[in-house]
Amino acid sequence: MSTCANISCCNEGAKQCSKCKSALYCCRECQIQDWKVHKKLCNTFASNQAPLAEADALFNKGAHFQLLHQMDAALVFYRQALEIYKTLLGEKHVNAAKSYIGIGTIMQEKGRYSESLVAFQQALAINQELFGENHALTATSYQGYGTALRRNKQYDQALVALNKGLEIRKQLLGENHPETADSFESVSLVLRDKGRFDDALIGFGKALSIRKRVLGDNHTDLSIAYTNVGVILEAKGQLDEALRQYQSAAEIDERLLGENHVNTARSRNCMGLLLHKKGLYDEALKVYAKTYKIFEQELGKNHPETTMTRKHMLLAQQRKNYI
């Protein structure tokens, strides 16, 4: 979805400027309001339609390969699009920001967390300058930036950034919106990492309720919500209930994504870790064998999730042999 080019509007932009074909607006009124700003760039956009179209195509290819979980290819296309956007539109343009968000997301998936942090920080700075604090794109940037901070174990800073994003989304979108649920989950992940399990469980419970209400029972986002609740229940020692949450998540992922998808492997891996913890080593090893193969194929043998699963396999085998 492309947001309306009028910086005071958060609606989807579906109508193109007839001259440059670049700026998108939700309605005629927003186009008129934005003209004082847009007229300074309209001729530039119009004269660069072909290379801008190329950049848009590259960006869309990046998003396509990201959905296919081909992260190396996605990263190449996002970077190529970014360079064209920066050359034609300048360093501080919304298209540059969205490219940084794409790059930051890929870096997180590849386990390159410090590079992810830099990319999201650049996106946040651009969107803050263009749109101010109270805008959907700024909230999205806070979400990515805060998550990158958490991945880099900067928990207090992450909590500040993610709570800012949550408050913006609650104000703009309301509590019963999937993106607000995303923010509740991201804040709760930091609370979990800080050992505040009861607070985290409240946030994850809110996210799960929102997703059920808005998306129904057959959506991959619901799988994430079940997994997050399961992680907290496991940390609180409620292992049987946690396992049921993980099983629900894995069933959704396998049904919607297929048994060989990396997210299905992640859901299954949570089950394997819990079975391991319960001393059910044979069952855990069966799970690890499947998930390790998927991680190695999809993420590479040196990815943190792949290497950690290999370590868990070896440890489970050692403990089984010891028994």
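Bear in mind that the values here come from a model prediction, so they are computed numbers and not experimental data.

Draft legend 1. How the structure looks around the pattern of salt bridges. Scanning the model with the defined rule gives 22 salt bridges in all. Here R150 and D193 are joined by a salt bridge, their closest N and O atoms 3.0 Å apart. Of this pair, R150 sits in helix α6 (residues 136-151) while D193 sits in helix α8 (residues 178-193); the two residues are 43 residues apart in sequence, bridging distant segments of the chain. Three or more residues are tied together by salt bridges with common partners; here these are D182, E185, R211 and D221.

Draft legend 2. Here's a closer look at the packing of aromatic side chains. Enumeration according to the criterion identifies two aromatic pairs in this entry. Aromatic pair F65 and F77: ring centres 5.6 Å apart, planes at 15°, arrangement stacked. Taken together, the residues span a long stretch of sequence, with F65 in helix α2 (residues 49-67) and F77 in helix α3 (residues 71-89) at a distance of twelve residues. On the accessibility criterion, F77 (18% relative accessible area) is buried. For the cation-ring pair, K98 lies above F59, with the distance from its terminal atom to the ring centre recorded as 4.4 Å.

Draft legend 3. Local environment of the side chain of T291. One can find T291 in helix α13 (residues 281-299). A polar contact is formed between the side chain of T291 and the side chain of N269, at a distance of 2.8 Å. Excluding residues within four positions of it along the chain, T291 makes contact with A265, R268, N269 and T309.

The rules we used
- Residues numbered from 1 in each chain as written.
- Predicted model: local features only at pLDDT ≥ 70, side-chain atom pairs only at ≥ 80, totals over all residues.
- Heavy atoms only, no water.
- Salt bridge = Lys/Arg side-chain N within 4 Å of Asp/Glu carboxyl O.
- Helix = DSSP H or I, 4+ residues; strand = E, 2+ residues; numbered from the N terminus.
- Phe/Tyr/Trp six-rings, centres within 6.5 Å; stacked < 30°, edge-to-face > 60°.
- Buried < 20%, exposed > 50% of the residue type's maximum accessible area, 1.4 Å probe, protein only.
- Lys NZ or Arg CZ within 6 Å of the ring centre and 35° of its normal.
- Polar contact = N/O pair within 3.5 Å; in protein donor to acceptor, adjacent residues only side chain to side chain.
- Contact = heavy atoms within 4.5 Å.

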